[in-house]
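Spelled out from the first residue to the last, the chains are:
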Amino acid sequence: MELVAYGIAPLVAILPSIQDYLARLMDRLYSLLFWSSFVAVCSSTSITDIQGSTWRSPLVGQNVTNVTGIVTAKASNGFYMTGDPVEDPRVSNGLFVFSTPAASRVEIGDLVSMDGTVTEFRSSSAPNDLFTTEIAPTLSTVNVISSNHVVTPVVLGKDRFPPTVALSALDVGPDGVLSAPNNVSLIEVVNATLEPEKYGLDFWESLEGQLVSVTNPVVLDFPNRFGEFWVHGDWPVTGKNERGGLTVTFGPDGIPDLNPEAIIIGTPLDGTKNPAVAVGSRVSDIVGVVAFQFGFFYVLPLTAPATVFVNTTRATKSFIDGTSADECTLTVGDYNVENMAPTSTHIPTVADHIANFLNAPDIMFVQEIQDNSGPTDDGVVIANVTLKALTDAIAKAGNVTYDFIEIPPVDGQDGGQPGGNIRTAFLYRPEKLSLVPGSPVGGSLDSVEVLDSYGKASLSLNPGRIDPTNPAWIATRKPLVAEWQTASGTRLFTVNLHLSSKGGSSSLHGDARPPINLPVDTRTKQVESVSSFLNSLLDKDPDANIVVAGDFNEFTQTRSVLASITAIMSEVDELADIPPVERYTYVFDQNTEQLDHMFVSSAIGKRKVEAEHIHVNNWSPSLDVRVSDHDPSVARVRVC
Ligand SMILES: *[C@@H]1O[C@H](CO)[C@@H](O)[C@H](O)[C@H]1NC(C)=O
Ligand SMILES: *[C@@H]1O[C@H](CO)[C@@H](O)[C@H](O)[C@H]1NC(C)=O
Ligand SMILES: *[C@@H]1O[C@H](CO)[C@@H](O)[C@H](O)[C@H]1NC(C)=O
Ligand SMILES: *[C@@H]1O[C@H](CO)[C@@H](O)[C@H](O)[C@H]1NC(C)=O
Ligand SMILES: *[C@@H]1O[C@H](CO)[C@@H](O)[C@H](O)[C@H]1NC(C)=O
Ligand SMILES: *[C@@H]1O[C@H](CO)[C@@H](O)[C@H](O)[C@H]1NC(C)=O
Ligand SMILES: *[C@@H]1O[C@H](CO)[C@@H](O)[C@H](O)[C@H]1NC(C)=O
């Protein structure tokens, strides 16, 4: 009963639509008739039909016939071919033919045809990998029609230009690609139409399987262990620093720009070996095919390029003098010294960096100091032998005496290399500064409080750890705070941070958008924990001199993480007017970036601030001679 009642009324309402529907149906029938007669006459599917203008092939899973193209490159498990192009820049006319036996039948330059099945392949599921459109040929149908054809590569920077700011339309949120929450959509599920003029990933996808050339490549990173390295070619780029790398910056409209114009050069297809390169090296022109593998779009070169330029310029000593006779002028240095144990062979080099490149600042903030037994997991947590080894080495390198302070962690509770118990510590020059006396040294789990001392703020523990039992700090380094005084009694607070690392994050070229940035929520809470301490300090003394520095494992451009501290403190880079492209301490994949930061309170910020990042590691000739993955930084501030 109810069904009938429901059925009649809508039927009346949709009568006009039924006519419309019938008209559409006729259209469909006509077009089906047209296409089937067409297919019968000339049975072929073009590469561009297979690629289509979306992320996934419109023909995936279907059998296609007489697909023709010219072989452009051979790989171990198949070959690449190029067919007739179409006007539409979204549609690639290159394709990977997945078949080892088929590859053995063809040579570069052969015009071939085949029947086969269209597939979309990826070696692992989301979040890192995107699909590659392929054809799996029916072997008996792979025919070589003729040979010695020449395919002209698409010249990047002449025929096509990579976008320079955004990677994907799906990177939505106030911080673009760095927004939290992330992983809110997957490229391959959305399967949008490509927008290669606007988005980097769409651009590279629109060239999938295509033969391209990269002219005048500039190297952006050290090679990975497979000899693969990132470059940009002769095309417009943004974020270019003096060394030649591409820095993470803000693009127009304040969107974080993580350099979609860069591409990684893979292992050469002919078995030759890529040269050893470093940031700012240049190599000869590269011709290769665009492929997606291991989380990234690649250009797989037909043969290895040669090095044509090596930048032999090394970092030099900072323009900032390490110490000064003026009591009101203090220098602070910051360095993640990468898993330093008493036996570490990199101690003398790090000591030389501190003594002769940073010029022995009054206070050094160091991170990744391991306990006295290094990575041996034996219950030892104290690091005084490690710190003594470092300060002795500095004395030798620079004839300058440092004392040090630390608070050992609870064994195994602060993350990092197992057994190493890495922690942050301060080195200081006792002739310039001393710890404000009167408060005991805090234990690993004691939370420092801000005390009111005759209208000024002071610390209940000196040094102390901030909020160490807050769940935000589980399995990571707890922040170390100390209060110092100069001979004439000027006070300074310093906070040394090493936030949770980005391990486990997804690839910038991956399926998950915005890319998964682990553990971004934890880092946000860690910064909030510190900011809440800073607020209690500034509440008691708005004019307090405070320097917060360390390895934040996060970019300035991830504004959501730093919001609580940028609301109350200023970054020295900004105050010292360092050009945005020169603000970096780290290089990872295609990006030169700043993970290490130094913030100062307004009492310091209103006076002159100078700062410099010293690229002793990122300007190394190779990874082997680099002593840390981070560059140190130094600043000169006025505290009275
Ligand atoms: C295969 O396709 C080509 C054009 O791509 C066409 O010239 C040829 O006639 C086709 N062969 C068959 C058997 O359909
Ligand atoms: C992707 O989009 C194309 C074009 O609209 C469509 O033909 C194809 O079925 C889509 N694939 C998936 C998996 O959504
Ligand atoms: C494609 O061809 C293969 C082999 O001839 C066959 O097994 C398969 O069912 C076909 N698939 C479709 C979708 O027609
Ligand atoms: C990312 O999102 C996908 C799809 O919603 C989900 O399966 C996956 O577990 C998520 N990964 C992470 C690390 O959040
Ligand atoms: C070499 O590196 C230095 C320091 O980064 C830079 O100033 C210089 O421009 C570079 N030289 C070339 C030719 O790239
Ligand atoms: C390290 O500390 C322990 C315990 O306080 C002490 O016995 C030892 O002498 C110290 N070693 C150095 C090198 O300072
Ligand atoms: C080391 O420094 C001290 C005190 O500043 C000075 O007297 C001495 O000459 C210096 N020694 C060397 C080798 O520079």
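Quick note: structure is the one above.
Residues numbered from 1 in each chain as written. Chains lettered and ligands numbered in written order. Predicted model: local features only at pLDDT ≥ 70, side-chain atom pairs only at ≥ 80, totals over all residues. Heavy atoms only, no water.

Enquirer: Looking at this model, I keep getting lost on the layout of surface pockets. Mind explaining?
Expert: To find leftover empty space, one rolls a probe the size of a water molecule over the atoms. The volume enclosed by the largest pocket comes to roughly 810 Å³. Broken down by secondary-structure element, the contributors of at least two residues to the lining of the largest pocket are β19 (329-340), β32 (586-588) and β33 (591-593). Counting residues per element, the lining of the largest pocket draws most heavily on β19, which supplies 3 residues. Considering only residue class, the lining of the largest pocket consists of 13 nonpolar, 19 polar and 9 charged. (1 Å grid on protein atoms, 1.4 Å probe; cavity = no way out; pocket = protein on both sides within 12 Å on 5 of 7 lines; lining within 4 Å. Points joined across faces, edges and corners; volume = space filled by probe spheres on them. Helix = DSSP H or I, 4+ residues; strand = E, 2+ residues; numbered from the N terminus. Nonpolar A, V, L, I, M, F, W, Y, C, P; charged D, E, K, R; others polar.)

Enquirer: What exactly am I supposed to notice about the sheet that holds strand β35 (residues 610-613) here?
Expert: Reading across the sheet, the 6 strands line up as β21-β22-β20-β19-β36-β35 and stay open at both edges, with mixed pairing between neighbours. With one partner strand each, in any of the chains shown, β21 (403-405) and β35 form the two edges of the open sheet. Sheet twist, expressed as the mean angle between neighbouring strand axes with direction ignored, is 20 degrees. Bridging between β21 and strand β22 (residues 423-428) involves 3 bridges; their strand directions are antiparallel. What sits directly across from Asp 403, in β22, is Tyr 428. Strands in contact with helix α7 (residues 347-357) are β19, β20 (363-369) and β22; relative to β19, the strand with the most contacts, it is inclined by about 165 degrees. Sheet strands in contact with helix α8 (residues 384-398) are β19, β20, β21 and β22, and its direction is about 40 degrees off that of β22. (Pairing = 2+ DSSP bridges. Axes fitted to C-alpha atoms, helices over the stretch in contact; angles between N-to-C directions. Contact = heavy atoms within 4.5 Å.)

Enquirer: I keep staring at empty space enclosed by the protein and nothing clicks. Help me out?
Expert: Under the counting rule described, the total for this entry stands at 3 cavities of 30 Å³ or more. Estimates place the volume of the largest cavity at around 60 Å³. Forming the boundary of the largest cavity are 13 residues, of which Val 572, Asp 573, Met 598, His 613 and Ser 633 lie nearest the centre. Contributing elements (two or more residues each) for the lining of the largest cavity: α11 (572-575), β34 (596-600), β35 and β36 (633-638). Within the lining of the largest cavity, the residues separate by chemical class into 5 nonpolar, 4 polar and 4 charged. A volume near 50 Å³ is recorded for the second largest cavity. Taken together, Ile 407, Asp 414, Arg 423, Thr 424, Arg 465, Arg 477, Lys 478 and Leu 480 make up the lining of the second largest cavity. When the residues that make up the lining of the second largest cavity are grouped by side-chain class, the tally is 2 nonpolar, 1 polar and 5 charged.

Enquirer: What is the right way to look at helix α10 (residues 559-566) in this model?
Expert: Each α-helix winds once per 3.6 residues, and so residues spaced three or four apart point in a common direction. Every buried residue belonging to α10 is among Val 561, Leu 562 and Ile 565, and all of these are buried. The buried residues of α10 occupy one face: seen down the axis, they fall within an arc of 65 degrees. Buried residues along α10 sit in contact with α9 (520-540), β30 (546-551) and β34. (Buried < 20%, exposed > 50% of the residue type's maximum accessible area, 1.4 Å probe, protein only. Arc of directions from axis to C-beta.)

Enquirer: Where do I start with the site of ligand 5 in this structure?
Expert: Within the structure, ligand 5 sits among Glu 242, Arg 243, Arg 282, Phe 309, Asn 311, Thr 313 and Trp 619. Between an oxygen atom of ligand 5 and a side-chain N or O atom of Glu 242, the distance comes to 2.8 Å. Protein burial of ligand 5: of its 360 Å² of free accessible surface, 68% is covered by the chains. Considered class by class, the residues forming the shell around ligand 5 number 2 nonpolar, 2 polar and 3 charged. (Near = heavy atom within 4 Å. Polar contact = N/O pair within 3.5 Å; in protein donor to acceptor, adjacent residues only side chain to side chain. Areas by Shrake-Rupley, 256 points an atom, 1.4 Å probe, with all protein chains shown as cover.)

Enquirer: Could you clarify how one ought to interpret the packing of α9 against α10 in this entry?
Expert: Between two packed helices, what matters for the description is the angle formed by their axes and the separation of those axes. Axis separation between α9 and α10 bottoms out at 8 Å; the angle between their running directions is 5 degrees. Between α9 and α10, the crossing angle belongs to the class labelled roughly parallel. Between α9 and α10, the contacting residues are Val 520, Arg 523, Thr 524, Val 527, Glu 528, Ser 531 and Leu 534 on the first element and Ser 560, Val 561, Leu 562, Ser 564 and Ile 565 on the second. Grouping the amino acids of the contact of α9 with α10 by side-chain chemistry returns 6 nonpolar, 4 polar and 2 charged. (Parallel < 35°, antiparallel > 145°, perpendicular 65-115°, else oblique.)

Enquirer: What am I meant to see in α9 here?
Expert: The end-to-end C-alpha distance of α9 is 30 Å, a good match for the 30 Å that 21 residues give at a rise of 1.5 Å each. Here α9 has its buried residues at Val 520, Arg 523, Thr 524, Gln 526, Val 527, Ser 529, Val 530, Ser 531, Phe 533, Leu 534, Leu 537 and Leu 538. Looking at the buried side of α9, the elements it contacts are β24 (450-453), β25 (456-459), β27 (480-485), β28 (491-498), β30 and α10. (Expected span 1.5 Å × (residues − 1).)

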